[in-house]
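# Geometric and topological summary
Next come the chains, spelled out residue by residue.
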Amino acid sequence: MNVQWYPGHMTKAKRMMQEDIKLIDLIIELVDARVPLSSRNPDIDELGKNKARLILLNKSDLADERQNAAWESYFLEKGFFVVKVNSKSGAGVKAVHGAIQEACKEKIERDRRRGIKNRPVRCMVVGIPNVGKSTFINTFAGKACAKTGNKPGVTKGKQWIRLKKGVELLDTPGILWPKFEDQNVGIRLALIGSIKDEILNIDELSLVLIEYLVHHYAGILTQRYEIVEEGKPVEMLEAIAKNRNCLLKGGDLDYSKAAALLIEDFRSGKLGKITLEIPEETE
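Structure report, in brief. (Residues numbered from 1 in each chain as written. Predicted model: local features only at pLDDT ≥ 70, side-chain atom pairs only at ≥ 80, totals over all residues. Heavy atoms only, no water.)

### Side note on the overall build of the chain
- Counting its secondary structure elements, the chain contains 12 helices and six strands.
- Relative to its full complement of 283 residues, the chain shows a buried share of 50%.
- If you take every contact in the chain between residues at least 6 apart in sequence, the share linking residues at least 24 apart comes to 67%.
- Carbon and sulfur atoms make up 49% of the accessible area of the chain, which amounts to about 14,100 Å² in all. (Helix = DSSP H or I, 4+ residues; strand = E, 2+ residues; numbered from the N terminus. Buried < 20%, exposed > 50% of the residue type's maximum accessible area, 1.4 Å probe, protein only. Contact = heavy atoms within 4.5 Å. Areas by Shrake-Rupley, 256 points an atom, 1.4 Å probe, with all protein chains shown as cover.)

### Section: the nonpolar core
- Membership of the largest hydrophobic core comes to 60 residues, with the highest contact counts inside it found for I28, L54, L56, V96, I100, F136 and L169.
- Sequence-distant contacts of I100, defined by excluding residues within four places in its chain, comprise L26, I28, L54, V121, C123, F140 and V167. (Core = buried A, V, L, I, M, F, W, Y, C linked by side-chain atoms within 4.5 Å.)

### As for the packing of aromatic side chains
- This structure, assessed with the given rule, holds six aromatic pairs.
- With a centroid separation of 6.0 Å and 90° between ring planes, the pair formed by F75 and F80 is classed as edge-to-face.
- Note on F75: relative accessible area 1%, which makes it buried.
- The class for F80 is buried, based on a relative accessible area of 12%.
- Pairwise contacts between aromatic rings join W71, Y74, F75 and F80 into one cluster. (Phe/Tyr/Trp six-rings, centres within 6.5 Å; stacked < 30°, edge-to-face > 60°.)

### Observations regarding helix α11 (residues 255–267)
- Taking 1.5 Å per residue, 13 residues should reach 18 Å; α11 reaches 18 Å between its end C-alpha atoms and fits that length.
- Burial in α11 covers these residues: A258, A259, L262, I263, D265, F266 and R267.
- Considering only its buried residues, α11 is in contact with α7 (183–192), α8 (202–216), α9 (220–225) and α10 (233–243).
- After α11 finishes, the residue G269 shows a positive phi value of roughly 90°. (Expected span 1.5 Å × (residues − 1).)

### Examining the environment of F75
- The topology assignment puts F75 in helix α3 (residues 65–77).
- Note: C-alpha distance between F75 and P279 (204 residues apart in sequence) is 9.8 Å.

### A word on the pattern of salt bridges
- For the coordinates displayed, the defined rule picks out 21 salt bridges.
- Here E109 makes a salt bridge to R113, at a shortest N to O gap of 4.0 Å. On the criterion of helical spacing, the pair formed by E109 and R113 is a turn pair, its members being four residues apart in helix α5 (residues 105–113).
- For R162, the salt bridge identified is with E168, shortest N-O distance 2.6 Å.
- One salt-bridge network, held together by shared partners, links D25, K107, D111 and R119. (Salt bridge = Lys/Arg side-chain N within 4 Å of Asp/Glu carboxyl O.)

### Some thoughts on the packing of α7 against α8
- The geometry of α7 relative to α8 is characterised by a closest axis approach of 11 Å and an angle of 100° between their N-to-C directions. Looking at the two axes, α7 sits roughly perpendicular to α8. Here α7 contributes I187, A190 and L191 to the contact with α8, which in turn contributes L205, V208 and L209.
- Across the contact of α7 with α8, the residue classes break down as six nonpolar, no polar and no charged. (Axes fitted to C-alpha atoms, helices over the stretch in contact; angles between N-to-C directions. Parallel < 35°, antiparallel > 145°, perpendicular 65-115°, else oblique. Nonpolar A, V, L, I, M, F, W, Y, C, P; charged D, E, K, R; others polar.)

### So, α8
- Here α8 spans 21 Å end to end across 15 residues, near enough to the 21 Å set by a 1.5 Å rise per residue.
- Turning to α8, its buried residues number three or more, namely I202, L205, S206, L209, I210, Y212 and L213.
- For α8, the secondary structure elements touched by its buried residues are α7, α9, α10 and α11.
- Between the side-chain oxygen at the start of α8 and the backbone nitrogen of D203 there is a gap of 3.2 Å, and the oxygen is on N201. (Polar contact = N/O pair within 3.5 Å; in protein donor to acceptor, adjacent residues only side chain to side chain.)

### Structural notes on the packing of α8 against α10
- Where α8 contacts α10, the axes come no closer than 9 Å and their chain directions differ by 100°. Overall, the two elements α8 and α10 adopt an arrangement that is roughly perpendicular. Of α10, the residues touching α8 (which contributes S206, L207, I210, E211 and V214) are P233, V234, M236, L237 and I240.
- By residue class, the composition of the contact of α8 with α10 is eight nonpolar, one polar and one charged.

Below you can see the structure in the form of structure tokens.
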């Protein structure tokens, strides 16, 4: 299964970020807590060399809590500041201001020594499509100031947002990178909704998800769909279609409907708290 998506506006957005980086004190990078490594654009590390870095494990409410803790440790060891957040509910967002101050302590101290008072900390908010940047900004700012949408690619232009807390945020469009070297990365991003569903084979995607769940979260499909977790993934998809009465007009099973249902149940958290990659398997 080959997954690629790199529309033209992303090239323009990357160039814009390269121009703006010199104005920035801190890069706040949102990742999806269910796929923390796969949802990191490798270009950001190159772009953000010599800048303070803060990673927000967003949608942490949908991820396995044990793995959230493991990923937090993983990124801290790599020298990042890390905060677990749920931008929608606001959980963890209050801790972000403290993390910004901590990450930019040297810069704030340097300004103080030079007699510069109250110069805001300038942060660039980055992340791949549909990772929740705009929702985070609105929650953090306490008002709806960035456009939001549940489809990848809603934010296309540049937006500065000034906050009362001595912080300025630069919202940026979600950008992927031109080629996924590891196709598993593309598949994970497709599963969390960061790649347009229209270009994906949802049936195949659902079989990959079934295989992963049976291996890492045994019993979760039985609990949700009352099926036996045995045999090939396609047989389990068939059982899900029967359980959920996914039928075509002639009465045949509608595999595509069952596949879409399964993926939606995963994305919305109805299957439970699931993480699709764990630190020890990525080293």
